[in-house]
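# Fold and contact review
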Amino acid sequence: MCETCGCGHHHHDDGHSHGGMHSHDGGLTFHSHDDSHHHRESSVLTVPLKQAVLADNNTCAEENRTWFTQRGITAYNLISSPGSGKTALLVETLKRLKVPAAVIVGDPYGEYDAERMRVTGVPVTQIQVHESCHLSARQVHDVLETAVPEGTRIVFIENVGNLVCPVAFDLGECAKIALVSTPEGEEKPLKYPALFAAADAALVTKTDLAGVLGSDLEFLKKNILRINPVCRVLFLSARTGEGMDGWMAFLKSNLSKEGERR
Ligand SMILES: Nc1nc2c(ncn2[C@@H]2O[C@H](COP(=O)(O)OP(=O)(O)OP(=O)(O)O)[C@@H](O)[C@H]2O)c(=O)[nH]1
Ligand SMILES: [Mg+2]
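In this text, all values refer to a predicted model and were calculated from it rather than measured experimentally.

Conventions and cut-offs
Residues numbered from 1 in each chain as written. Chains lettered and ligands numbered in written order. Predicted model: local features only at pLDDT ≥ 70, side-chain atom pairs only at ≥ 80, totals over all residues. Heavy atoms only, no water. Helix = DSSP H or I, 4+ residues; strand = E, 2+ residues; numbered from the N terminus. Buried < 20%, exposed > 50% of the residue type's maximum accessible area, 1.4 Å probe, protein only. Pairing = 2+ DSSP bridges. Axes fitted to C-alpha atoms, helices over the stretch in contact; angles between N-to-C directions. Salt bridge = Lys/Arg side-chain N within 4 Å of Asp/Glu carboxyl O. Near = heavy atom within 4 Å. Polar contact = N/O pair within 3.5 Å; in protein donor to acceptor, adjacent residues only side chain to side chain. Areas by Shrake-Rupley, 256 points an atom, 1.4 Å probe, with all protein chains shown as cover. Donors = N, O, S within 2.8 Å, 3.2 Å for Na, K, Ca; no water. Arc of directions from axis to C-beta.

### Things to note about unusual backbone geometry
If you check the backbone angles, His130 has positive phi at about 55° while not being a glycine. If you trace the backbone, His130 turns up in the loop between strand S5 (124–128) and helix H5 (137–147). The class for His130 is partly exposed, based on a relative accessible area of 40%.

Written as structure tokens, this is what we have:
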């Protein structure tokens, strides 16, 4: 699947782990994959091709970023594994939000998530990525004018459920939000460090299940901070509403002053 979308540089079929985290003095630091010349690749042609795909994406992402900034819009890129609760969180967020918002949601197929979120009355645009595993800046760019009405203050981009590939594709967002649900396990941040290293905030979702699962939420938080010491960590449940106030306050604090003047 990743060979189709050009993000296969994050996937290594030689069976050896490399890159990622290195331990220094007991601490962990994360190294990005731009030291790819150290890595064995199956073809000498795939490396430049993948670099070109990412460079092209970055150029388009900057155009999106300018588009958002000029309109005083705060745009979020929500990234997590399938089913960790992105759509459920957005439904509860949109119900509570006091400022105009719009949603762009990527899924392989269907309009299921869009239909769930449209119940709130907020405009939702569904992008179907088919066999790809992430949204690209171009796909977002192509829908911006129709998806985001005049006066919008916040745009939520719900990425395709995937913990690896979406991280490499900048969409022009102001911040990446990582979600990790309690059933996924406390080691998630250590196993998928790139996402947590890139995230401005990490939301631990489905806290209502922590008791029955026997989750160690403090250990989970510690693992997030081990990868990214400056990451904002919030705990919440879209089901019970627990922790939603903190998340809504976070969104409020990140509203653009520029958007307010309009
Ligand atoms: N108990 C509980 N269940 C939740 C919570 N949030 C979401 N769920 C359930 O988890 C399942 C998946 O939630 P979604 O919101 O669809 O997850 P998603 O991240 O949008 O999934 P994809 O779009 O497929 O990647 C659904 O059955 C939700 O009802 C929560 O806070 N508590
Ligand atoms: Mg969803």
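Here the narrative resumes.
### Details of the sheet that holds strand S8 (residues 201–205)
Pairing within the open sheet is parallel, and its 7 strands lie in the order S5-S4-S6-S3-S7-S8-S9. The open sheet has two free edges, formed respectively by S5 and strand S9 (232–235), since each of these has just one partner strand. Across the sheet, the mean angle separating the axes of adjacent strands is 20° when strand polarity is ignored. Both S8 and S9 contribute to a ladder of 4 bridges, which runs parallel. From the neighbouring strand, Ala202 faces S9, where its bridge partner is Val233.

### Side note on the pattern of salt bridges
Across all of its chains, the model carries 8 salt bridges by this definition. Of the charged contacts in the structure, one is a salt bridge between Lys188 and Glu184, with a shortest N-O distance of 3.0 Å. Per residue, the accessibility class of Lys188 equals that of Glu184, and both read buried. When salt bridges that share partners are traced, they join Glu62, Arg65 and Asp170 into one network.

### Description of the site of ligand 1
In the vicinity of ligand 1 there are 18 residues, among which Lys86, Thr87, Ala88, Arg116 and Asp208 approach most closely. At 2.9 Å, a side-chain N or O of Asp113 approaches an oxygen atom of ligand 1. Here Ala238 contributes a backbone N or O atom positioned 3.0 Å from an oxygen atom of ligand 1. Relative to its free-state accessible area of 640 Å², ligand 1 is covered by the protein chains to the extent of 76%.

### Some details on the coordination of the magnesium ion (ligand 2)
Here the magnesium ion (ligand 2) is held by Thr87 (OG1), Asp113 (OD) and Glu158 (OE), and the distances to it run 2.0 to 2.1 Å. Along the chain, the residues that donate to the magnesium ion (ligand 2) are spaced as T-x25-D-x44-E. Pair noted here: Thr87 is in helix H3 (residues 86–96) and Glu158 is in strand S6 (residues 154–158), with a separation of 71 residues, a long-range link. With a relative accessible area of 3%, Glu158 lands in the buried category.

### What to know about helix H10 (residues 217–227)
Among all positions of H10, only Leu220, Asn223, Ile224 and Ile227 are buried. Down the axis of H10, the buried set is contained in an arc of 100°. They therefore lie on one face. Exposed residues on H10 whose side chains face more than 90 degrees from its buried face are Glu218 and Lys222.

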